Amino acid sequence: QVQLVETGGGLVQPGVSLSLSCVVSGRMFRIYDMGWYRQAPGKRRELVATITRSGSTNYADSVEGRFTISRDNPKNTVYLQMNSLKAEDTAVYYCNVRLAAIDYWGQGTQVTVSS
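Thresholds applied
- Residues numbered from 1 in each chain as written.
- Predicted model: local features only at pLDDT ≥ 70, side-chain atom pairs only at ≥ 80, totals over all residues.
- Heavy atoms only, no water.
- Pairing = 2+ DSSP bridges.
- Helix = DSSP H or I, 4+ residues; strand = E, 2+ residues; numbered from the N terminus.
- Axes fitted to C-alpha atoms, helices over the stretch in contact; angles between N-to-C directions.
- Buried < 20%, exposed > 50% of the residue type's maximum accessible area, 1.4 Å probe, protein only.

Enquirer: Can you help me understand the sheet that holds strand E3 (residues 18-24) in this one?
Expert: Two modes of strand pairing occur in sheets, parallel and antiparallel, and in both the strands are linked by backbone hydrogen bonds. Strand order in the open sheet formed by four strands is E1-E3-E8-E7, with antiparallel pairing between adjacent strands. Strand pairing shows two members of the sheet lacking a second neighbour, strand E1 (4-7) and strand E7 (67-72), which therefore form its edges. Shown here is a sheet whose adjacent strand axes are inclined to one another by a mean of 15 degrees, direction ignored. Where E1 and E3 come together, four bridges link them in antiparallel fashion. Counterpart to Val 5 in the pairing with E3 is Val 23.

Okay, here's the thing in structure tokens:
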């Protein structure tokens, strides 16, 4: 059983930055491919960014150039640095890892971008 805990959400104005963190339990984090997803009210959960065990990254078109995913293996933590936030980035953000075809999710952290 893997547990994921996200922190760092909040209410911010458009244009500012925010950083999310996700701490993952266990001793195998370094071999996990990790992802950040988000779900806005009334919408499906969507992929935001991924980072492989080797550090390769991938981003949704909507956040490319504004968001950066990174990881710190000794800290069992994956980060999402979000810059130039827009109102359409408002959502609950979730950390994810898929192990043996099972998706594990954190509880989510709310990000609200509003003036």
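Enquirer: I would appreciate a short explanation of the pairing of E3 in the present structure.
Expert: Side-chain positions along a regular strand alternate between the two faces of the sheet. Of all the seven residues making up E3, five are buried; the element is thus mostly covered by neighbouring parts of the structure. Here E3 pairs with strand E8 (residues 77-82) via six bridges, running antiparallel. For Leu 20, the partnering residue across the bridge sits in E8 and is Leu 80.

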